[in-house]
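Residues per chain, in single letters:
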Amino acid sequence: MKRSQSRYVCQACGDSFLRWEGQCRACGAWNTLVETLVREASPAVHRRSPPASNSAPVPLANLSEADVARIPVGIGELDRVLGGGLVPGSLVLVGGEPGIGKSTLLLQAAAGISRAGPVLYATGEESGAQVRLRAARLGLLDGAAGAAVTVLAESSVARILESARAARPTALVVDSIQTATVDELEGPAGSVGQVRESALRYMELAKGDGIAVLLVGHVTKEGSLAGPKTLEHLVDAVLSIEGDRSGALRLVRATKNRFGSTEEVGVLEMGEAGLREVPDPARAFLGEHASAEPGSVVGATLEGSRALLVEVQALVAPTGYGTPRRTAIGLDPGRLALLVAVLGRRAGIGLGSHDVYANLAGGLAADDPGLDLAVAIALASTFRDLPVAAGTVAIAEIGLLGELRSVSGLERRVREAARLGFTRAIVPPARASGPASPGITVVAARTLREALDDALGPRDG
Ligand code: TYD
Ligand code: MG
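Below is a short write-up of the structure. (Residues numbered from 1 in each chain as written. Chains lettered and ligands numbered in written order. Predicted model: local features only at pLDDT ≥ 70, side-chain atom pairs only at ≥ 80, totals over all residues. Heavy atoms only, no water.)

### Digging into the overall build of the chain
- Per the secondary structure count, the chain includes 12 helices and 21 strands.
- Considered along the principal axes of its C-alpha atoms, the chain spans approximately 85 × 55 × 55 Å.
- The buried share of the chain, reckoned over its 461 residues, is 48%.
- Long-range contacts, defined as pairs at least 24 residues apart, comprise 67% of the intrachain contacts of the chain with a sequence gap of at least 6.
- Entry remark: accessible area of the chain is about 21700 Å², with carbon and sulfur atoms responsible for 53%. (Helix = DSSP H or I, 4+ residues; strand = E, 2+ residues; numbered from the N terminus. Buried < 20%, exposed > 50% of the residue type's maximum accessible area, 1.4 Å probe, protein only. Contact = heavy atoms within 4.5 Å. Areas by Shrake-Rupley, 256 points an atom, 1.4 Å probe, with all protein chains shown as cover.)

### Side note on the site of ligand 1
- Around ligand 1, the structure places 16 residues, and the nearest of them are G99, S103, T104, G271 and G274.
- Interatomic distance of 2.5 Å between a side-chain N/O atom of T104 and an oxygen atom of ligand 1.
- Here G274 contributes a backbone N or O atom positioned 2.7 Å from an oxygen atom of ligand 1.
- Burial of ligand 1 by the protein chains amounts to 74% of its free accessible area of 560 Å².
- Looking at the shell around ligand 1, the elements that each hand over two or more residues are helix 3 (102-113), helix 4 (128-137) and strand 11 (265-271).
- At three residues, the largest contribution of residues to the shell around ligand 1 is made by helix 3.
- In terms of residue class, the shell around ligand 1 is made up of five nonpolar, six polar and five charged. (Near = heavy atom within 4 Å. Polar contact = N/O pair within 3.5 Å; in protein donor to acceptor, adjacent residues only side chain to side chain. Nonpolar A, V, L, I, M, F, W, Y, C, P; charged D, E, K, R; others polar.)

### Topic: the environment of S114
- If you trace the backbone, S114 turns up in the loop between helix 3 and strand 5 (119-123).
- For the pair S114 and G146, spaced 32 residues apart in sequence, the C-alpha to C-alpha distance is 9.4 Å.
- With sequence-adjacent residues up to four places away left out, S114 is seen in contact with V119, A145, A148 and V149.

### Observations concerning the packing of helix 3 against helix 4
- Running from N to C, helix 3 and helix 4 point in directions that differ by 70°, and their axes come no closer than 11 Å. When the axes of helix 3 and helix 4 are compared, the pair comes out roughly perpendicular. Contact with helix 3, carried on its side by S103, T104 and L107, involves V131, R134 and A135 of helix 4 and no other residues of that element.
- A per-class count over the contact of helix 3 with helix 4 returns three nonpolar, two polar and one charged. (Axes fitted to C-alpha atoms, helices over the stretch in contact; angles between N-to-C directions. Parallel < 35°, antiparallel > 145°, perpendicular 65-115°, else oblique.)

Here it is as structure tokens:
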């Protein structure tokens, strides 16, 4: 009897029910019931005691160093985000929008890992023939990966686990967590209950059998992984692939990583033969910034320990009718509204009756106040139809009084700009002047108005 094995448990109060309902009858919360297996039905899962060797307390000083062996994935940027490679027996969730390149990345990763040991690639999304087609496109059929990566087109979690336990691969790829189902649950594939229960079972495989498991998770429209909270605390690492699907650049970011820093990002480029590393990530987001155009300004943002130069583009146009629009792509809309207000009040650039658009080139999304100045100058530049001289980079946070503030890693950003051939950096006044970067003139501006004068020339009158 299927029915007796699952209950709908309220995530707010913990009460359980036999059937799904929109509202919990016990506490009144809405949409909180999640189908959950009654664990008595599978005692093996519940009663397994932890290995004896781990259970004795050890003095802090005697703990052995976390010297985790790592399996290189073979894609440098991905290894970097993982913290130096894939940890054996770890559970990694890879999220991203449909079509962003999750299957591509994981098939390439499977090929890379297969140099260290066999990989099982379980897919409920595609047929074996489709995977083969992709592998051919990625040039993976002829190499060693052709034999070392085995493909299983299967959507039953139990059968995937059975195969993995029989084959004992170094790593298991599951594409995707939303397509594989647990038989004992009634809920459809992709429901929170299904996703959570299957993730639990993959975790048992990872920890119990020492098989690294890479789970693909689709991100919903609102940008969250399905069943997000329940999955994120379960897994060892959460990687997300970001970028503009119509463009080529992809950012791989760790939003959680038990075996490394969550600071690092990887930059990859989608091409004819899959995802490949970008020769110089720092300049990947510069766009086709060859000549100086009004509305285009280069800023520098920090992603982890890495400085990325990025082209900010802005456009303003008189509003036809109704409320003026403010559209931010890759930037925080609230921050854009604030900059528009500061430009009006502190720099005499009134955009109150203009539609305002601002975006970052290359599909980059950054929530970095250090880009404020580049955005503000781009807006002023398009408003006054004056270009900023090529070779200029602008780096500062802007306060409500129109003052420029320093940002973290300012020197690193300036140094990177100098390395990429920029000749002029507009920055906030230094508290203590650090070592100058050769080849770049550093201009300190105290206020937005001063920075605009420097970038666009003083206003007439
Ligand atoms: P895919 O990996 O299937 O995305 P996801 O699994 O996240 O849904 O691939 C997404 C896109 O990448 C698809 O539109 C085709 C494109 N693509 C390339 O441009 N080059 C390639 O070599 C491959 C395999 C895919
Ligand atoms: Mg896919």
